[in-house]
Amino acid sequence: MHKYDVLIIGLGPVGAILASLCARSGLSVKVIERDFEVYKEPRAIVLDHEVVRQLGLIDCAEDVLAFSTPGQGYEFLNADREVLTAREAPPGPMPTGYWPANLFHQPSMERVVREKLEKMSNVDIELGVEFLGLEQDDHGINAIARRADGTLAEFPARFAVGCDGGRSLVRRYLDVQMEDLNFNEPWVVVDVKVLSEDSGLSKNGVQLCDPARPTTCVPSGPGRHRWEFMLKPHETAEEVTCPETLRTWISAWTDPDKIELERSAVYRFHGLVAKKWRGGRVMIIGDAAHQMPPFMGQGLCAGARDAFNLAWKLVSVANGEAPLEFLDTVERERSPHVKEVTKGAIAMGKTVCVTDPEEAKQRDKKMMEDHKAGKGFAFPGVPRIESGVLDDALAGSVFPEPFTGDPAIPSRFDYSSGYRPLLVLNDANTLSESAKSALMTASDAFAIAALRGAPSSYAQLLDPNGYVAEALGDAQAMLVKPDRIVFGRGSVDHLLFHWDEYLKHGVVSTQISGC
């Protein structure tokens, strides 16, 4: 008999999100973490609209927004600070209700998630515990770890998930190799507090494409700013993290007396994706499964998406609603997505990281000509999910968030529906008896809502901007996964048939009909 349903190794942001989702879904959760405190220095600085919306499912979105600020425009400049290309500031929030990019302070975010996690009775967190290894059989796992006092401890559970970062010991246990996407550049990352409102620092993100020193300069949340300076081959970490050196480099952007250095560290920006994410009852997600350069601000976003994709599947397998092999859908759905985002970040990085003066000159000429001609730079986007969804133009995309309640003071539907699949009906008045019967059977597994004609047992949706109506089109219904990725549109009967097929086999065999 295993004491816990899930053992999570690592209590960084991804591990904490996963633990919260599993616990809220009724699983018993054990979390072990090597460090005693939240890592104090900021690392990630961007959460996109999709992930902030997902954080609402663990009651953290509004708390995180309290120390976030919307991202503005984005510029590529040459060495003379002339604009090579630019993207304008977004006109407003996305259909999720949140800004496309939200610049935030990661330690504060982690504390919010962890504080709420600590209040859950079915979560047991143990800090100062170093994971050493594990064994597993057909029924569960048994992890071995060392506590801070040197004593060894065993942690039996039905499943284990490694959220233990880029140097993951869980990945090493699974003997997983990484696919190298061919990017490996050393940069020094510098985080500062901005002490003066007249610092002159841009609210836009800036990529300085200077072959003498490629540089990133971006806001990193309220009252904070970040620089990333590419290292030259002969430079050492000690040299480039020297405060005097950093103040000299920063003086090209602002008066260094108007900022306070918080931290600096040298990182190698990699593009890596694990070749396998599951071994038996053990999974890896987050940085343990993939690492990307920071040029798109998607590193933590990718890890959060992993957690939201995985947690409900662990619940389904634990409850006997899906076979163990269903967990392989995490890799099938997330790995190609992560690779595309990583390739986009690498493409941006390779544009910036040109150090040959002649090559930089040719790059600048082409980008400026395109910019003046109105072509602009093809900024990489975040693709939709291609696997585990129906053959539908909207499937794999992010479902826009509707509202419920009093139109004068509407409430986000996510807050009442929770972390479970959604069935969104176009018009409940037009349902056939067959559809009504199917919905009665499905009512325990789904949050059911309608744009029009919702009976008392369904949520009546408010759609003030028309995003949900546009997404539904003429379809009878839309099925949305718990992580708010659209499964597909069609008739209720067909959606439920293919959802059941997906749970049983992890694949969707045919195109939905009845739209």
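Attention here is on the structure that accompanies the text.

1. With respect to helix α4 (residues 106–118)
Taking 1.5 Å per residue as the helical rise, α4 with its 13 residues ought to reach 18 Å, and the 18 Å between its terminal C-alpha atoms agrees with that figure. All of the buried residues along α4 are Gln106, Pro107, Ser108, Met109, Glu110, Val112, Val113, Arg114 and Leu117. Looking at the buried side of α4, the elements it contacts are α1 (13–24), α2 (49–55), α3 (61–65), β7 (101–104), β8 (123–127) and α8 (299–318).

2. Examining unusual backbone geometry
The general pattern is negative phi for most residues beyond glycine and trans for most peptide bonds. One non-glycine residue, arginine 81, lies in the positive phi region at around 65 degrees. Relative to the assigned elements, arginine 81 resides in the loop between β5 (74–78) and β6 (83–87). Look at arginine 81 and you get partly exposed, because its relative accessible area is 35%. At asparagine 182, a position not held by glycine, the phi torsion is positive, near 65 degrees. Looking at where asparagine 182 falls in the secondary structure, it is placed in strand β12 (residues 178–194).

3. Describing the nonpolar core
The biggest cluster of nonpolar side chains holds 125 residues, and the ones touching the most others in it are Leu18, Leu55 and Leu425. It is α8 that contributes the most residues to this core, 13 residues altogether. Ignoring any residue separated from it by four or fewer positions in sequence, one finds leucine 55 in contact with Ile17, Leu47, Cys60, Ala61, Val64, Met109 and Phe308.

4. Describing the pattern of salt bridges
Counted by the stated rule, this structure contains 36 salt bridges. Two residues, lysine 30 and glutamate 126, come together in a salt bridge whose shortest N-O distance is 2.8 Å. Of this pair, lysine 30 sits in strand β2 (residues 29–33) while glutamate 126 sits in strand β8, placing them 96 residues apart in sequence. Taken as a pair, lysine 30 and glutamate 126 share a single burial class, namely buried. Through salt bridges with shared partners, a single network forms among Arg53, Glu401, Arg412, Asp414 and Arg484.

5. What to know about the packing of aromatic side chains
A ring pair, where both rings are aromatic, is described by two values, the distance of the centres and the angle of the planes. Scanning the entire structure with this criterion turns up 17 aromatic pairs. Relative to phenylalanine 379, the ring of tyrosine 74 lies with its centre 5.9 Å away and its plane at 85 degrees, an arrangement referred to as edge-to-face. Placement of the pair is tyrosine 74 in strand β5 and phenylalanine 379 in the loop between α10 (357–372) and β20 (403–404), with a sequence separation of 305 residues. Take tyrosine 74: its relative accessible area is 13%, and that puts it in the buried class.

Criteria and cut-off values
Residues numbered from 1 in each chain as written. Predicted model: local features only at pLDDT ≥ 70, side-chain atom pairs only at ≥ 80, totals over all residues. Heavy atoms only, no water. Helix = DSSP H or I, 4+ residues; strand = E, 2+ residues; numbered from the N terminus. Expected span 1.5 Å × (residues − 1). Buried < 20%, exposed > 50% of the residue type's maximum accessible area, 1.4 Å probe, protein only. Contact = heavy atoms within 4.5 Å. Core = buried A, V, L, I, M, F, W, Y, C linked by side-chain atoms within 4.5 Å. Salt bridge = Lys/Arg side-chain N within 4 Å of Asp/Glu carboxyl O. Phe/Tyr/Trp six-rings, centres within 6.5 Å; stacked < 30°, edge-to-face > 60°.

That's the geometry; what it means functionally is another story.
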